[in-house]
Amino acid sequence: MPAEGVPLTQKERLLTSAEVIRLANLFVAEGVRKIRLTGGEPTVRKDLTEIVGQLKANPLLESVGITTNGLMLTRQLVGLQRAGLDALNISLDTLRVARYEQITRRKGWERVIAGIDLAIQLGYRPKVNCVLMKETAALATTPFVKSHRLSGAPALAAHGALGGVRHYSSLSHVDEHTGRATMVDVDDKVSTKRVAKAQATVYVGPTIAALIENNELKKGDVLSISQMAAIVAAKKTSDLIPLCHNIPLSSIKVETSLNSSTNEVHILAKVKCDGKTGVEMEALTAVSVAALTVYDMCKAVSHEILIKNIMLVEKTGGKSEFYRKQFTHEPTLETRTMESREPDRVPVATRGYRTDPIVTTEPFVPMYI
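Here goes a summary of the coordinates provided.

With that settled, the discussion passes to the overall build of the chain. What the chain contains, in helices and strands, is nine helices and eleven strands. Taken across its 369 residues, the chain has 39% of its residues classed as buried. When the accessible surface of the chain is totalled, it reaches about 21,400 Å², and 53% of it is carbon and sulfur.

All right, on to the pairing of strand 7 (residues 192-203) then. Burial analysis of strand 7 places nine of its twelve residues in the buried class, the great majority of the element. As judged from the twelve bridges shared by strand 7 and strand 9 (residues 264-275), these two strands associate in the antiparallel manner. Pairing of Gln199 across the sheet is with Leu268, part of strand 9. As defined by bridge partners, strand 7 adjoins strand 10 (residues 306-316) across eight bridges and the pair is classed as antiparallel. Looking across to strand 10, one finds that Val202 is bridged to Ile307.

With that out of the way, let us pick up the pairing of strand 10. Within a regular strand, side chains alternate between the sheet's two faces. Across the eleven residues of strand 10, eight count as buried, placing the element largely inside the fold. Here strand 10 pairs with strand 11 (residues 322-323) via two bridges, running antiparallel. Residue pairing in the sheet places Lys315 in a bridge with Phe322 of strand 11. As consecutive antiparallel partners, strand 10 and strand 11 are separated by five residues, and within that stretch Gly317 has a phi angle of approximately 105°, a positive value.

Quantified by volume, the largest pocket comes out at close to 1,600 Å³. Along its surface, the largest pocket is lined by 44 residues, and Gly39, Gly40, Glu41, Pro42 and Val44 are the ones closest to its centre. Elements with a minimum of two residues in the lining of the largest pocket: helix 1 (17-29), strand 1 (34-37), helix 2 (48-56), strand 2 (63-68) and helix 4 (97-104). Partitioned by chemical class, the residues of the lining of the largest pocket number 24 nonpolar, eleven polar and nine charged.

The strand order across the open sheet formed by four strands is 1-2-3-4, and the pairing between neighbours is parallel. Looking along the sheet, the strands with just one partner apiece sit at the ends: strand 1 and strand 4 (127-129). Each neighbouring strand pair of the sheet contributes to a mean axis angle of 20°, computed without reference to strand direction. Its contacts with the sheet put helix 2 on strand 1 and strand 2, and the angle it makes with strand 1 is roughly 175°.

So, about helix 1. Within an α-helix, residues lying three or four positions from one another point in the same direction, as the helix has 3.6 residues per turn. With 13 residues, helix 1 should cover 18 Å at 1.5 Å per step; its first-to-last C-alpha distance of 18 Å lies within 8% of that length. Those residues of helix 1 that fall on the buried side of the exposure criterion are Val20, Ile21, Ala24 and Val28. Here the buried residues of helix 1 occupy an arc of 95° about the axis, which is enough to place them on one side. Opposite its buried face, helix 1 presents the exposed residues Ala18, Arg22 and Ala29, each directed more than 90 degrees away. The inward-facing, buried residues of helix 1 contact strand 1 and helix 2.

As a further point, take the pattern of salt bridges. Counting across every chain of the model gives eight salt bridges. Note that Asp47 is salt-bridged to Arg45, the shortest N-O span being 2.9 Å. With a relative accessible area of 28%, Arg45 lands in the partly exposed category. Asp296 serves as the salt-bridge partner of Lys299, at 3.1 Å between the closest nitrogen and oxygen. Classification of Lys299 by relative accessible area gives partly exposed; the value is 33%. According to the relative accessible area criterion, Asp296 is partly exposed, its value standing at 33%. Because the salt bridges share partners, they merge into one network encompassing Lys219, Asp296 and Lys299.

Each value, and the rule that gives it
Residues numbered from 1 in each chain as written. Predicted model: local features only at pLDDT ≥ 70, side-chain atom pairs only at ≥ 80, totals over all residues. Heavy atoms only, no water. Helix = DSSP H or I, 4+ residues; strand = E, 2+ residues; numbered from the N terminus. Buried < 20%, exposed > 50% of the residue type's maximum accessible area, 1.4 Å probe, protein only. Areas by Shrake-Rupley, 256 points an atom, 1.4 Å probe, with all protein chains shown as cover. Pairing = 2+ DSSP bridges. 1 Å grid on protein atoms, 1.4 Å probe; cavity = no way out; pocket = protein on both sides within 12 Å on 5 of 7 lines; lining within 4 Å. Points joined across faces, edges and corners; volume = space filled by probe spheres on them. Nonpolar A, V, L, I, M, F, W, Y, C, P; charged D, E, K, R; others polar. Axes fitted to C-alpha atoms, helices over the stretch in contact; angles between N-to-C directions. Contact = heavy atoms within 4.5 Å. Expected span 1.5 Å × (residues − 1). Arc of directions from axis to C-beta. Salt bridge = Lys/Arg side-chain N within 4 Å of Asp/Glu carboxyl O.

The quantities given are spatial measurements derived from coordinates; they are silent on function.
The structure is reproduced here in structure tokens:
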């Protein structure tokens, strides 16, 4: 990217989605069987997923691919895969963060690498495009990035500045032979008693809090229904989260309570099993779906509802145990030390959250708080 930037094409001069599809159909009628959408940057178009879906609707077209800078893949690739995207080319001229920012004049190297990881986990064999530039020396003078095969699967290895070599095909949820997404094999693990606790908080405001307290919402008892939703969600976690194990749970306990002074609904979940893998995902899924249920039941009154503080509080029974050390609590649900912790009580943990608006001049860029 030049320091002075580049002139952008006016929107009215860009091809509309209908024009793209019409051109594609004309090409296919003349014998073209593979189409790749490039740019510019195709992922800045809001209608990219729809375009891919319409292209795939042509039975004579064998392959639809895109070439992208990779910045938006973590947000868009799942939808593009559902639309039928077959192939993926990612432009990445360096594996050095500082040099990436120098070349592109923007941050985002981590997002591109995350996009490549996601593509491999979704079963793609992404091609990484890089341009050798003598003056910029984007890839340094020694071998820095190379594409090669590992156990028959494509892999990306980074040398030198990254300290050693990382093979993306060795990811825990990627099969080392095929490169496709796979569930972790826990057959060799020892079966133990596993416990996980999670929490969530929903700020509903004074009006909704009063309606919940008096059980006057038209959709019914918010606390009871959200509690039921949490239990169902915990049992359905493997259906909702890809590659999660289907675990036979021995106990699911959910507490939902209203704090009238803060106008918040507190959700606490404790999940148990006797198995070879932990149940923190089940506990987190439970409180997440319960929080969404609170929102769904209250949204007719107001949309000024804030779901916050979804977090794991504690997990035990596995190789790596976890206890959240610092959090405040409600007086009715006191925090215990590890020595005095009561097994059937779940502590409430809260933390500060930002309410200021996210301001950015860069379109379609995820911001993390």
